Amino acid sequence: MDGVGFGEFADPEVIRDGAAVVIHARAVGRWQSPTDDMVSHWWPVRTGLDYLAPTERFEGELRWRLEPRDIVIGGVTISGFVSRYEFRGPAGKYVCRLEDRSTWEIGGSTDENTLIERCYYTPEKHEVELTRGVDYSTSGRKKMDGFGGWAFQYSLRWGGSIAPFDFLFNKDGALIRGFETPSYIRSWLLKRAGDDRLGCFDEHFAEAAQTIETVGTFVGFAHAPAAWTRTDARNLWTAVLDYYNEQACHFARTRPMPIQPLMTLPNGLNHPLRQTADTLVRPAAELGFKVLWLHPIWDSEMNRPGGYGNGCSVYDWKVAEEMGGEAGLKYLADQVHAHGMLLIAWCGGIRQGWEHNAWVRENRHAEWLARYINNRQFGSGYDCMTSLDMNRDEAYRYVIETCRGVVDRTGLDGFFWDSYVDAWEEVVSPWPLKMKPAFHRVVEMTAELQSFCRYFTVEAQPPWARPCVGNGIAGLASIEGCQYANYGRFFGNIEADRPDMMDFYFRNLAYGAGSVMEWHELPKIMAKPEMARQLRQINRDFTAAQPHMGTRRLIEDDRGVEWTSADGRTGVYFSFADGPFLPLKRAQDVRCLTTGESVTCRRDGSFTVESHRVYCMTTELQPR
């Protein structure tokens, strides 16, 4: 918890290096102890191996490089600069973390600034008006005090609860701040009531060495065009999100998984796999679902008699015999495939049971288990669990080959990989005698798992694996132009007793969010013929539209959502209101997916739409 903090910089020298500006300074470091602001079970890994006398003074060397940069996103030029740090510490001392603290606002004040953020641990809406009286933080400490500071735990920029970019806008334009390359960066934003600054706190982690170099942070401004509206800002935010997703997928060599109508399946002692196959698969197919998501399959505390019901606490990575074993899973997969659907299984990341796991009890493969820098086993936020260390080649291969074997033998189509943040990316190996984050190894593993799974996605919405669900844990809804729903709000799960359920579900899919129906809602839906008909129609419309949903455009006054295909030749429009609609590109042939009827286009390419219908159109290649 203690270490040397370099917070004083002396004798600055500013030099030119081509178009770049480089600031060089001597860094002065002294003993540093933890503060109350650092609330996280990560405290032990903030500890250096070298414990130093508090009276000692240390010196390092800091280079801060700023390069001008313009990027074009969605046809909009964003002008600014890229900032990166290089730090060299004292000889013989390890450096593993660099903190960057700054403030960030348009026009020198947050007054009249609006923040669009992605962090599901905040009670506020994600479009936050940052007036002087607003108190806001993505750390979610007020909301999550009862969870032991988990909000900070999950504040990873890539794969955690906060996006790899920040987005502010006002009447003059939009200010974007993002990270060039996926890396292990923990962040939060903070604004205190009465202050007109938005504080940014970034921690860059790396393998412990004498030097550390951060990835570049881009900061740029896009001037507002004439008649700039909130909808325009949301659409630019969407384009920026797509840009960073594309960059991350290229980095990770992954592909986004298409969102599909999805329903969960039960398991455990009261729901053997064969029973699930015989009772739930056919009615799920009748409602138009395309992916069935099976709850934990591994031998775990959820399946053992007398267990405490936590499927994350895995005994051994094999399909639980109490549920029917691999034979039962194959029977279920065969039934799912016969009805034209895919079957994926929930998997609790790389977690292992603690006291009950044979590896722990018998000290078998003990070196595979992740540990903190003080050698305590990594609990992944739970006292009953530990996690595998993906920096260990043997543990890495065990996970890959175990999952591949189950897929090959049973026909399982893939996994929903839970705990992608805490049990994957947060693991830090204290070997050989220095910290080494498992971040890049986990990204590599994501690509390898995806390579042999027909459908593979992860919790917490990292850009390299677009999620398919909107459940209350992951919070993966795209309501109101934002990619994350707020923690504690309605998340898109289908609830038969909600009066406006079908309207909400239609809108949720239209925005490009995933939704999920829990299996226990199925009898309630089937008992309401009109609701079942509406749900079936929405799922069919969305399934037909999904291949054409490339780039999203929100329509002014929230009248609908328009999508353009990746090749620009087709478009899809989800209508929320009756009346005329003018697409971005001139429409030629239009068909209503809901009714199957052709729709007449006017000379300008517009056509008349009805609420809660979906339209597919061929379009001219150039925007009007």
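As the structure is a computational prediction, the values presented were derived from the model and not from experiment.

Student: When you look at the confidence of the model for the protein chain in this model, what are you seeing that I'm missing?
Tutor: As a note on interpretation, predicted positions should not be read in detail where pLDDT is low. Scored by pLDDT, the protein chain comes out at a mean of 82, with 80% of its residues at no less than 70. Under a pLDDT of 50 for its full length, residues 34-51 has, in the predicted model, 58 contacts with residues more than four places off or in other chains. Contacts for the low-pLDDT stretch residues 143-148, under 50 throughout, to residues beyond four places or in other chains number 9 contacts.

Student: It is not clear to me how the environment of alanine 19 should be interpreted in this structure. Could you clarify?
Tutor: Examined against the element boundaries, alanine 19 turns out to sit in the loop between strand 1 (3-17) and strand 2 (20-32). For the pair alanine 19 and glutamate 67, spaced 48 residues apart in sequence, the C-alpha to C-alpha distance is 6.5 Å.

Student: Would you mind showing me how to read the sheet that holds strand 11 (residues 185-191) here?
Tutor: Pairing between the strands of a sheet is mediated by backbone hydrogen bonds and can be parallel or antiparallel. Taken together, the 4 strands give an open sheet; going across it, the order is 5-12-11-8, and neighbouring strands pair in antiparallel fashion. Every interior strand has two partners, whereas the edge strands, strand 5 (95-103) and strand 8 (136-137), have only one. Relative to strand 12 (residues 199-209), strand 11 is paired through 6 bridges, and the arrangement is antiparallel. Counterpart to leucine 190 in the pairing with strand 12 is glycine 199.

Student: Help me understand the packing of aromatic side chains in this model?
Tutor: Between two aromatic rings, the relevant description is the distance of the centres plus the angle of the planes. Per the counting criterion, the structure on display carries 20 aromatic pairs. Relative to phenylalanine 581, the ring of tyrosine 573 lies with its centre 3.7 Å away and its plane at 10 degrees, an arrangement referred to as stacked. Among the aromatic residues, ring-to-ring pairing joins Phe165, Trp237, Tyr243 and Tyr244 into one connected group. Above the plane of the ring of tyrosine 331 lies arginine 274, whose end atom (NZ or CZ) is 4.3 Å from the centre.

Student: Just to check I follow, could you spell out the sheet that holds strand 22 (residues 414-417) for this structure?
Tutor: The parallel open sheet is built from 6 strands, whose spatial order is 25-22-19-16-15-26. In the strand order of this sheet, the two ends are held by strand 25 (455-458) and strand 26 (516-517), each with one partner. In terms of strand pairing, strand 19 (residues 342-347) meets strand 22 through 4 bridges, oriented parallel. Counterpart to tryptophan 346 in the pairing with strand 22 is phenylalanine 416.

Student: Looking at this structure, how should I read unusual backbone geometry?
Tutor: Comment: phi is negative for the bulk of residues other than glycine, and the bulk of peptide bonds are trans. Even without being a glycine, aspartate 11 presents a positive backbone phi close to 55 degrees. In this fold, aspartate 11 is placed in strand 1. Of the residues examined, aspartate 11 reaches a relative accessible area of 55% and is grouped as exposed. Phi at arginine 253 is positive, roughly 60 degrees, even though this residue is not glycine.

Here is what the cut-offs are and how they apply
Numbering of residues starts from 1 in every chain and runs along the sequence as written. Totals for whole chains, interfaces and linings use every residue, but because this is a predicted model, local features are given only for residues with pLDDT of at least 70 and side-chain atom pairs only at 80 or more, for both listing and counting. Processing note: side-chain calculations cover all non-hydrogen atoms of the structure and skip hydrogens and water entirely. The predictor reports its confidence for every residue as pLDDT, a score running from 0 up to 100. It only takes one pair of heavy atoms within 4.5 Å for two residues to be counted as in contact. A run of H or I in DSSP becomes a helix once it reaches four residues, and a run of E becomes a strand once it reaches two; helices and strands are each numbered from the N terminus. At least two bridges found by DSSP between two strands are what make those strands a pair. For Phe, Tyr and Trp, rings pair up if their centres lie within 6.5 Å, where Trp contributes its six-membered ring, and each pair is then called stacked (planes under 30 degrees apart), edge-to-face (over 60) or tilted (otherwise). Charge-over-ring contacts are defined here by two conditions on Lys NZ or Arg CZ: a distance within 6 Å of the ring centre and an angle within 35 degrees of the ring normal. Each residue is placed in one exposure class: buried if its accessible area under a 1.4 Å probe, protein chains only, is under 20% of its type's maximum, exposed if it is over 50%, and partly exposed if it falls in between.

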